[in-house]
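Remarks on the overall topology
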Amino acid sequence: MNNWKSYYASHLCSAEDAVKHVQLGNRIVLSHACGEPRLLPGELVKRAGELKGVQICHMVPMGEALYCRPEVAESFRHVALFTGGPTREAIWDNRGDYIPYVFSEIPFLFETHLPVDVAMVTVSPPDRNGFCSLGVSVDYTRRAVDSAKIVIAEVNRTMPRTHGESFLHVSEIDHFVEVDVPIYELKAAELTDVEKNIGRHVAELIDDGCCLQLGIGGIPDAVLTYLTGFKDLGVHSEMISDGVMKLVNAGVITGRKKTIHRGKIVVNFLMGSRAFYDWVDDNPVIEMRTVDYTNNPYIVAQNKNMVGINSALEVDLLGQVCADTLGPKQFSGVGGQLDFVRGARMSEGGKAIIALPSAAKGGVSRISPVLKQGAAVTTSRNDVDYVVTDQGIAALKGKTVRDRMRALINIAHPDAREQLEKQAYEIYHVIL
């Protein structure tokens, strides 16, 4: 399109006018996490009196999620693929719904079971050829745009331009809303002693030249702090944050030993500080791909020595992992844990690691005899290689049930070990 500037100008509008294209019963998909639009969701909620039965679908929420408020329940219903602080209550109170699904297959849902009426996304300003970038959120967002009937984009100058599958030509967008509000950032919290100990133990399972997958939060951040003396690490992950940037700058992460995409950090979404966004901007080391590629276990497995590091809320004595519910209550989501657990296990020399504190706040053991009533199994006992807590490492692969229980009890909080041994016999009739 040679006249893209004219197209852009003629399709530019206010956020208030853009959301007028939403109709009763539409399904809206918001771009993911820190790519979530800043103005459009709020303007949409102002139309609550005119709308009914509108579904709003997304994963990690970063905004206020005003569409989850009780007073607009007849107008909007949130359909979560991963919950967060602003959206959990709506699901717990039956004003929203959760769909359990592995991250890698969510684009398939948008093409089949969850057809998209409207995609609301955030993009960078167009370049001289008329291409905008989805920046920090390519994941499912790119596929939602591909399948949507209407695409509304907030054009945000603070969105970094990333390489890979992030580019959209202006002709692929129906309405543009220029926004002068910074995109969302992820603020890193100070690491606790427990997280530091977990990070130290996980680092014991990593070798020079390994390819890493890391998630969000204190544990992945802690792991990265213990890798400063390593050489030629690679990254193939669903997301990264500031810690990876620091190790690249320190020469620790080079990607030279990667089997595929050598020298590249392959990822599908980004969350971090403004300094991190400035670093990824136009950085050819960062290769943004859609989640159906990055998280595909068969793609993951092509990386030799792939190490998948994921967290959990609870692990029982059988080695079953609950990572997304607190008992029957939905807390987060399946995300990419199972994708990378299976991909890492299929990798030559790969390792699938589940990391969690040995005890929750209040001293309750996170290594439990059985999962809480109503809890969902995120990752089966058949899929876990290692469980790591602040107390140490439990190697489960190839172990008998008795040996598994012994290993898991050894990394439980010391105050819980005697009781867990008793429960191993009382529940499973296993003598340790």
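1. Some details on the pattern of salt bridges
Taken as a whole and assessed by the stated rule, the structure comprises 21 salt bridges. In this structure, Arg157 and Asp180 form a salt bridge, with 2.9 Å as the shortest nitrogen-oxygen distance. With Arg157 in the loop between strand S7 (150-156) and strand S8 (163-164) and Asp180 in the loop between strand S10 (175-179) and helix H7 (193-203), this pair connects stretches of sequence that are 23 residues apart. The same class applies to Arg157 as to Asp180, namely exposed. Its salt-bridge partner being Asp403, residue Arg406 comes within 3.0 Å of it at the nearest N-O pair. Taken as a pair, Arg406 and Asp403 lie in helix H14 (residues 401-410) at a separation of three residues, close to a single helical turn. Residue Arg406 is classed as partly exposed on the basis of its relative accessible area of 34%. Accessibility expressed as a relative area gives 31% for Asp403, which makes it partly exposed.

2. Here we look at the packing of H14 against helix H15 (residues 414-428)
H15 packs onto H14 with a crossing angle of 155° between their chain directions and a minimal axis gap of 9 Å. The orientation of H14 relative to H15 falls into the category roughly antiparallel. Judged by the twist between their axes, the crossing of H14 over H15 is right-handed. Facing H14, whose interface residues are Met405, Ile409 and Asn410, H15 presents Arg417, Leu420, Glu421, Ala424 and Tyr428.

3. Overview of the layout of surface pockets
What the second largest pocket holds in volume is close to 190 Å³. Lining of the second largest pocket is provided by Ala188, Ala189, Leu191, Asp221, Leu224, Thr225, Ser241, Asp242, Gly243, Lys246 and Leu247. Only helix H8 (218-225) and helix H9 (242-249) provide two or more residues apiece to the lining of the second largest pocket. Residue contributions to the lining of the second largest pocket peak at four residues, all from H9. Among the residues forming the lining of the second largest pocket, the class breakdown is five nonpolar, three polar and three charged.

4. Section: empty space enclosed by the protein
Following the criterion strictly, the structure yields one cavity of 30 Å³ or more and no others. If you add up the space inside the largest cavity, you get close to 60 Å³. Around the largest cavity sit Leu214, Gly215, Pro220, Asp221, Leu224, Met239, Ile240, Ser241, Asp242, Gly243 and Val244, which together line it. Of all the secondary-structure elements, those providing two or more residues to the lining of the largest cavity are H8, strand S13 (239-240) and H9. Looking at side-chain class alone, the lining of the largest cavity contains six nonpolar, three polar and two charged residues.

5. Let's talk about H15
The end-to-end C-alpha distance of H15 is 21 Å, a good match for the 21 Å that 15 residues give at a rise of 1.5 Å each. The sharpest bend along H15 reaches about 25° and sits at Leu420. Within H15, burial applies to Ala416, Leu420, Gln423 and Ala424. Among the structural elements, strand S23 (367-368) and H14 are those in contact with the buried residues of H15. Looking at the residues trailing H15, positive phi occurs at His429, about 60°.

6. A few points about the packing of aromatic side chains
A full pass over the atoms with the stated rule returns six aromatic pairs. Each ring, one from Phe276 and one from Tyr277, has its centre 6.1 Å from the other, and the planes form 50°; the classification is tilted. What makes Phe276 buried here is its relative accessible area of 0%. Since its relative accessible area comes to 0%, Tyr277 is described here as buried. In textbook terms, an aromatic cluster arises when at least three aromatic residues are bridged by ring pairs, as seen for Tyr7, Tyr8 and Phe176. Positioned above the aromatic ring of Tyr184 is the side chain of Arg38, whose terminal nitrogen or guanidinium carbon lies 3.9 Å from the ring centre. A cation sits over an aromatic face here: Arg289 above Tyr293, 4.0 Å from the ring centre.

7. So, the sheet that holds strand S12 (residues 234-235)
Strand pairing within a sheet occurs via backbone hydrogen bonds; the two strands may be parallel or antiparallel. With mixed pairing, six strands are arranged side by side in an open sheet as S12-S11-S17-S22-S24-S25. Unpaired on one side and paired on the other, S12 and strand S25 (392-395) mark the two borders of the sheet. Contacting strand S17 (306-311), strand S22 (351-355), strand S24 (386-389) and S25, H7 runs over the sheet at an angle of about 145° to S24.

8. Topic: the sheet that holds S8
The three strands are arranged S8-S16-S14 in an open sheet whose pairing can be described as parallel. Only two strands of the sheet have a single partner each, and these edge strands are S8 and strand S14 (265-267). Looking at chain direction, S14 and strand S16 (residues 286-288) are connected through three bridges and run parallel. Bridge pairing in S16 places Ile265 opposite Ile286.

9. What about the pairing of S22?
Of all the five residues making up S22, five are buried; the element is thus mostly covered by neighbouring parts of the structure. Sheet topology places S17 next to S22; five bridges connect them, and they run parallel. By the bridge assignment, Ser311 is partnered in S22 with Ala355. Sheet analysis places S22 next to S24, joined by three bridges and oriented parallel. Following the sheet pairing, Ile353 is matched in S24 by Tyr386.

Cut-offs used in this document
- Residues numbered from 1 in each chain as written.
- Predicted model: local features only at pLDDT ≥ 70, side-chain atom pairs only at ≥ 80, totals over all residues.
- Heavy atoms only, no water.
- Salt bridge = Lys/Arg side-chain N within 4 Å of Asp/Glu carboxyl O.
- Helix = DSSP H or I, 4+ residues; strand = E, 2+ residues; numbered from the N terminus.
- Buried < 20%, exposed > 50% of the residue type's maximum accessible area, 1.4 Å probe, protein only.
- Axes fitted to C-alpha atoms, helices over the stretch in contact; angles between N-to-C directions.
- Parallel < 35°, antiparallel > 145°, perpendicular 65-115°, else oblique.
- Left-handed = near helix turned anticlockwise from the far one by under 90°.
- Contact = heavy atoms within 4.5 Å.
- 1 Å grid on protein atoms, 1.4 Å probe; cavity = no way out; pocket = protein on both sides within 12 Å on 5 of 7 lines; lining within 4 Å.
- Points joined across faces, edges and corners; volume = space filled by probe spheres on them.
- Nonpolar A, V, L, I, M, F, W, Y, C, P; charged D, E, K, R; others polar.
- Expected span 1.5 Å × (residues − 1).
- Bend = angle between axes of the 7 residues up to and from the residue.
- Phe/Tyr/Trp six-rings, centres within 6.5 Å; stacked < 30°, edge-to-face > 60°.
- Lys NZ or Arg CZ within 6 Å of the ring centre and 35° of its normal.
- Pairing = 2+ DSSP bridges.

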